[in-house]
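# Summary of structural features
This is what each chain is made of:
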Amino acid sequence: MTSKQSPASSAASPSLSKLDQFFLITERGSNVKRETIAGLTTFLAMVYSVIVVPNMLGAAGFDPGAVFIATCLIAAFGSLLMGLWANMPMAIGCAISLTAFTAFSMVLGQQISIPVTLGAIFLMGLVFTFVSVTGLRQWILTNLPKGIAHGTSIGIGLFLLLIATNSVALIVANDSGLPVKLGDIHSLPVLATIIGLAATIGLERRGVPGGILLVIVVLSLFGLAFDPNVQYQGLFAWPNLLSEGSLIGQMDIMGALNPVVLPIVLALVMTAIFDATGTIRAVAGQAELLDKKDNIVGGGKALTSDSVSSIFAGAVGGSPAAVYIESAAGTAAGGKTGLTATIVGVLFLLMMFLAPLSYLVPAYATAPALMYVGLLMLSNVTKLNFDDKVDAMAGLTCAVFIILSCNIVTGIMLGFVTLVVGRLCSGEWRQLKPGVVAITLGLVVFYMGGWAI
């Protein structure tokens with residue numbers, strides 16, 4: 001025990017003792033340097049959101065400049081709340097999947113006005129927070145079978161691999177036959193990603209401090225030197241919080257209470273409950289922040305932080321918030337405390353003033369980190385208990401369908417259905433908890449009713 005804590009103890013100087021005590025850095029076997037590197041790693045892995053989210057919402061008529069500011073504010077608020085209040089190494093930002101639903105389904109598809117859409121997001125945040133503070137989300141976690149819990153982590157790892165490889169066109173859509181195929185193996189982003197992944201694995205194997213971050217920085221500098229698509233576009237840009245297109249405080253809550261809109265609010269809440277909850281548990285497991293009963297250490301505050309962030313998102317004009325899967329890049333780099341998330345939050349505040357710098361981190365700089373984390377999360381397959389075949393196979397079903405459907409909630413739903421039906425058919429129905437059956441029925445009704453996103 002002493003040997004594990006000695007690095008943290010040596011790194012925590014007297015001047016940092018209050019910081020150490022506040023974040024429980026030494027107690028969790030970390031140190032300030034490691035937490036700082038983890039925070040930088042997570043930030044660089046998710047900074048793409050300040051480009052992607054404004055582009056997606058901009059296509060639906062939102063002012064891209066206003067959305068950029070909102071995206072930074074939401075990530076800063078959520079990550080600081082997660083870090084300073086929940087003391088967890090998880091960063092929060094605008095959920096990409098829910099951003100796509102907001103832009104292409106709500107606004108463009110169903111022609112819901114932008115103020116009413118923001119009102120719906122605000123209401124979703126309120127309901128989501130109610131579900132969190134009343135303990136329903138914790139109840140879901142408590143009733144999450146071990147096989148499905150580990151399967152969710154495996155599926156998210158596979159999902160990360162797909163997201164990362166697709167972002168650099170290493171794996172692309174197939175025109176015919178199978179759904180996907182290998183991209184152009186000769187392209188610079190693909191080659192850089194493959195070499196970056198190999199370098200990350202090698203540096204981590206050697207125990208090089210900040211190896212993941214080092215690869216991100218080196219590939220970014222490489223891109224600046226040799227990739228014409230990576231260009232220095234300046235350093236400073238003054239944010240205009242009161243621009244004509246600003247959406248701060250523009251939400252229409254009364255409009256969102258329309259019976260036509262309320263089912264959409266329910267769909268957002270249900271998706272967020274299982275998507276974000278599954279992600280939080282997976283990242284907590286990656287950071288070794290699960291207790292002996294596989295519950296998240298201090299999970300109540302962590303589960304509430306992202307729901308409160310969605311309330312804030314509706315108020316400032318952004319899309320629903322959630323814990324980012326990319327947080328696992330920071331936990332892989334050693335992050336174990338809220339200092340990691342706090343650093344992410346501060347960097348997103350600075351990002352409002354340093355917007356041009358976001359273009360200096362190409363996708364192939366962060367893709368190796370996400371792929372490495374995805375590979376690490378696949379190790380959860382060793383935690384499946386194959387002596388209990390129904391539980392193990394339900395977990396694998398969950399994992400496989402997360403990646404095949406590109407939807408975490410879909411994988412979890414099919415995992416639960418497999419578990420319940422499998423128990424019944426195997427004659428092991430006595431092993432089914434009432435809570436597991438209730439969650440399964442709720443998910444089936446949610447999908448069969450056509451409310452799933």
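This structure is a prediction, so every number in the text was calculated from the model and none was measured.

### Side note on the overall build of the protein chain
What the protein chain contains, in helices and strands, is 20 helices and four strands. Taking 2.2 N^0.38 as the reference for a compact globule, 453 residues should give roughly 22 Å; the C-alpha atoms of the protein chain span a radius of gyration of 21 Å, in line with that estimate. Here the protein chain holds 453 residues, and 55% of them are scored as buried. For the protein chain, long-range pairs separated by at least 24 residues make up 79% of all intrachain contacts whose partners lie at least 6 apart in sequence. Total accessible area on the protein chain stands at roughly 19,100 Å², and carbon and sulfur atoms take up 68% of it.

### Here's the deal with the environment of Ala363
On the secondary structure map, Ala363 appears in helix 17 (residues 363-377). Between the C-alpha atoms of Ala363 and Leu266, which are 97 residues apart in sequence, the distance is 34 Å. Not counting the four nearest positions on each side in its chain, Ala363 is found in contact with Ser167 and Val168.

### Details of a nonpolar patch on the surface
Among the surface-exposed residues, Val217, Leu221, Leu224, Tyr232, Leu235, Phe236 and Trp238 lie close enough to one another that they form a single nonpolar patch of about 790 Å² accessible area. Looking at the secondary structure, you find Leu224 in helix 11 (residues 211-226). The class of Leu224 is partly exposed, set by a relative accessible area of 38%.

### Considerations on the nonpolar core
Counting 138 residues, the largest nonpolar core has Phe62, Met82, Met88 and Phe274 as the members making the most contacts within it. Tallying contributions element by element places helix 13 (residues 262-286) first for this core, with 14 residues.

### Digging into the packing of helix 3 (residues 32-46) against helix 11
Helices that pack against each other are described as a pair by the angle of their axes relative to one another and the distance between those axes. In contact at an axis separation of 9 Å, helix 3 and helix 11 are set at 45° when each is read in the N-to-C sense. The orientation of helix 3 with respect to helix 11, classified from their angle, is oblique. Considering only the axes of helix 3 and helix 11, their crossing is left-handed. From helix 3, Ile37, Leu40, Thr41 and Leu44 reach across to helix 11, where they touch Ile212, Leu213 and Ile216. For the contact of helix 3 with helix 11, a count of residues per class yields six nonpolar, one polar and no charged.

### Notes on unusual backbone geometry
One non-glycine residue with positive phi stands out, namely Gln111, at about 55°. Along the polypeptide, Gln111 turns up in the loop between helix 6 (96-107) and helix 7 (114-133). The backbone phi angle of Cys406 is positive, close to 55°, even though this residue is not glycine. As for its placement among the helices and strands, Cys406 is situated in the loop between helix 18 (389-405) and helix 19 (408-426). On the basis of relative accessible area, Cys406 is assigned to the partly exposed category, the value being 41%.

### Observations regarding the pattern of salt bridges
Scanning the entire structure with this criterion turns up four salt bridges. A salt bridge links Asp306 to Arg137; the shortest N-O distance between them is 2.9 Å. Here Arg137 lies in helix 8 (residues 136-142) and Asp306 lies in helix 14 (residues 299-316), a separation of 169 residues in the sequence. Classification of Arg137 by relative accessible area gives buried; the value is 0%. Among the charged side chains, a network of salt bridges with common partners joins Asp388, Arg423 and Glu428.

### Details of the packing of aromatic side chains
A complete count under the given rule lists six aromatic pairs for this structure. Arranged with centres 5.0 Å apart and planes meeting at 75°, the rings of Phe43 and Phe348 form a pair that is edge-to-face. Placement of the pair is Phe43 in helix 3 and Phe348 in helix 16 (residues 338-351), with a sequence separation of 305 residues. Exposure remark for Phe348: the relative accessible area of 0% places this residue in the buried category. Centroid distance Phe77 to Phe312: 4.3 Å. Interplanar angle 10°. Geometry classified as stacked.

Each value, and the rule that gives it
Residues numbered from 1 in each chain as written. Predicted model: local features only at pLDDT ≥ 70, side-chain atom pairs only at ≥ 80, totals over all residues. Heavy atoms only, no water. Helix = DSSP H or I, 4+ residues; strand = E, 2+ residues; numbered from the N terminus. Rg over C-alpha atoms; globule rule 2.2 N^0.38 Å. Buried < 20%, exposed > 50% of the residue type's maximum accessible area, 1.4 Å probe, protein only. Contact = heavy atoms within 4.5 Å. Areas by Shrake-Rupley, 256 points an atom, 1.4 Å probe, with all protein chains shown as cover. Patch = residues over 30% accessible without salt bridge, like charges linked within 9 Å, V, L, I, M, F, W, Y side chains within 5 Å. Salt bridge = Lys/Arg side-chain N within 4 Å of Asp/Glu carboxyl O. Core = buried A, V, L, I, M, F, W, Y, C linked by side-chain atoms within 4.5 Å. Axes fitted to C-alpha atoms, helices over the stretch in contact; angles between N-to-C directions. Parallel < 35°, antiparallel > 145°, perpendicular 65-115°, else oblique. Left-handed = near helix turned anticlockwise from the far one by under 90°. Nonpolar A, V, L, I, M, F, W, Y, C, P; charged D, E, K, R; others polar. Phe/Tyr/Trp six-rings, centres within 6.5 Å; stacked < 30°, edge-to-face > 60°.

Taken by themselves, the reported measurements are silent on function.
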